[in-house]
Amino acid sequence: MEEASVLRSEEMENCCRGSLLSQLSSLLLLFQLPAGGSAEEFMVIGPSEPIVAVLGGDIMLPCRVSPAMDVQNMELRWFRSKFSEAVLIYQNQREQREEQLAQYRGRTSLVKDFLTQGEAAVRIHNVQAFDNGLYTCFFRMGIFYEEAGLELKVAGVGSAPQVHITGPEEDGVRVVCMALGWFPKPQVQWRALSGEKFLTFSETQAQDAEGLFTINATLVVRDPSSGNVTCSVLNPILGQEKAMAIFIPEPFFPRSSPWKLAFMVILTVLMLLLLGAVFYIMREHTAKLQEMQEWEKLHRDKKEDQRIKEEALKARDELQADLDWRKSVYLASLKKAKLYADWRKEKFQTLTVSLDPESAHSILALSDDKTSVTFKDSCKGSEDGVYSVLGHEGITSGCCYWEVEIKNAERSEWALGVCRRDVERKGWYQESPEKGFWVVAMYDNIFGSLPANGEHIVPIPQRVGVFLDLKEGDVSFYNMTDGSHLFSFPLASASGTLLPYFRLRSGNVSLTICSGVGGPVQTPLPFNNLPCSSEEPGSLPGQGFSSGCGVDGDFPGAESPLLPCGPEAMSP
């Protein structure tokens, strides 16, 4: 005890060396000693339990002397592991800043309300993670001093855990849980929907510049019937918990092949047959009296083998039927999802679309091959007008798609999609599913569906794919430049024949139907200067353009018989 006191005295002398004020104050205190020549002795008492502080809040570290006495003229010091690591120093009835650690400057203050009663406390503002740990409060009068230790536990609750599926893992699905900004290191737990805890999972943690923890916990779920799994993060000091659950659909789990079990059963049957044959050969060498019994036994064995084989084949057929059903359910759910266009193109028949000159508005000009439409050179359209043209091919069943390239898509107003054959297109009309139109459009410098639903797409697509599925009753639009999904409409009100629909409104815009699946975009032929007229449509000399209004025509070209949308799905 005496050696510890000597060491503490040497550290204090080194810390205070060079400070003339400190030495003078010590001399003054010595002059105040009683006649006996020693200062009044006392004990310093700190909190018996750790003090808990919340990140970002304020906290007090109190100490008191016993017996109670006035400590205003004492030297009071709170420090960390070393005497020189001062958190707050009070001397000569004021706070001293020279020896204070840099990270506590401006964040500490002395609570002076009860100094005359022997109680003092340092208040730490805006508690940080590095404030966590042990402290010592030191009281000195003259040459006599005492100290007491206290512990500060800093705790903070961070973000709610974010849970997501990262992919398949061996025979299960890998799920990752991440939480940020916790202190101290939190406890992570995975639970199933039934409340059962998952005991096996991997966990990593890291601390940022402020000392806060980031937790990553990875779990592999192998039971397809698990349904929901929950990741919970618990602060062990505050007892506060945050959790997040995620649902894992059964189709996400890898499926084992039904042929594996069938192979094992067949192998067992073959082994039994082999054993029966060996047994038969061995029994051939027995006496004739046993020959009949051996034959009967072999006959029974063959019957048993046949029964086992039939059961194995039956089990294989049942497994195959179950696999086919699961595959159909999986493909059905996959088809209803918003998938990328390249996948859907493999399931849809390419429709060769040509524009119907008789259905075109009089100020529109069509290309020679009936695959491109724009305004006549002397016409630029009007925001008060609607100028449309229909495809020549009527569609009544099956799954088909076509692609359209838009020139000057951003600086004009246009629309494309499908409509019923019997829609009203005279004068001003509304394009909506209730009126028989399922379209996407560029309007008011934004791209979206009609009628507007507040959902806008950026960037504006330059090439749009229209996927019409009359089996499932929907039409979907894709950006064919990057393959992303744009919009989908249910065809609840669709009945009868549907036609490709193209509409221009204003701007130097042209819509061109692309040729071939995944082939290069066909460059439209140049347009001559054509007059704007409401007269009967006429042929465009030299370039083969025509305009006018009318009804549907014949379907050009034959379709592949290998895909579901063939010529029988088109109405002439």
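Notes on the structure follow.

Definitions and limits used
Residues numbered from 1 in each chain as written. Predicted model: local features only at pLDDT ≥ 70, side-chain atom pairs only at ≥ 80, totals over all residues. Heavy atoms only, no water. Helix = DSSP H or I, 4+ residues; strand = E, 2+ residues; numbered from the N terminus. Buried < 20%, exposed > 50% of the residue type's maximum accessible area, 1.4 Å probe, protein only. Disulfide = S-S within 2.5 Å.

## Observations regarding unusual backbone geometry
Then comes step 1: The step from Ser66 to Pro67 runs through a cis peptide bond, and the omega angle for that step is 0°.
Then comes step 2: Within the fold, Pro67 resides in the loop between strand S3 (59–66) and strand S4 (75–79).
Then comes step 3: Between Phe183 and the following residue, Pro184, the backbone shows a cis peptide bond with an omega angle of -10°.
Then comes step 4: Along the polypeptide, Pro184 turns up in the loop between strand S12 (172–182) and strand S13 (187–192).
Then comes step 5: Even without being a glycine, Asn92 presents a positive backbone phi close to 55°.
Then comes step 6: By secondary structure assignment, the location of Asn92 is in the loop between strand S5 (86–91) and strand S6 (94–96).
Then comes step 7: Taking relative accessible area as the criterion, Asn92 reaches 39% and is therefore assigned partly exposed.

## Section: the state of the cysteines
Then comes step 1: Tallied over the entire structure, the rule returns 2 disulfides.
Then comes step 2: For Cys63, the disulfide goes to Cys137, at an S-S distance of 2.0 Å. Between Cys63 and Cys137, the S-S torsion sits near -90°, and that sign places the bridge as left-handed. One end of the pair, Cys63, is in strand S3; the other, Cys137, is in strand S9 (residues 133–141), and 74 residues separate them in sequence. Summarising the burial analysis for this pair, Cys63 and Cys137 share the class buried.

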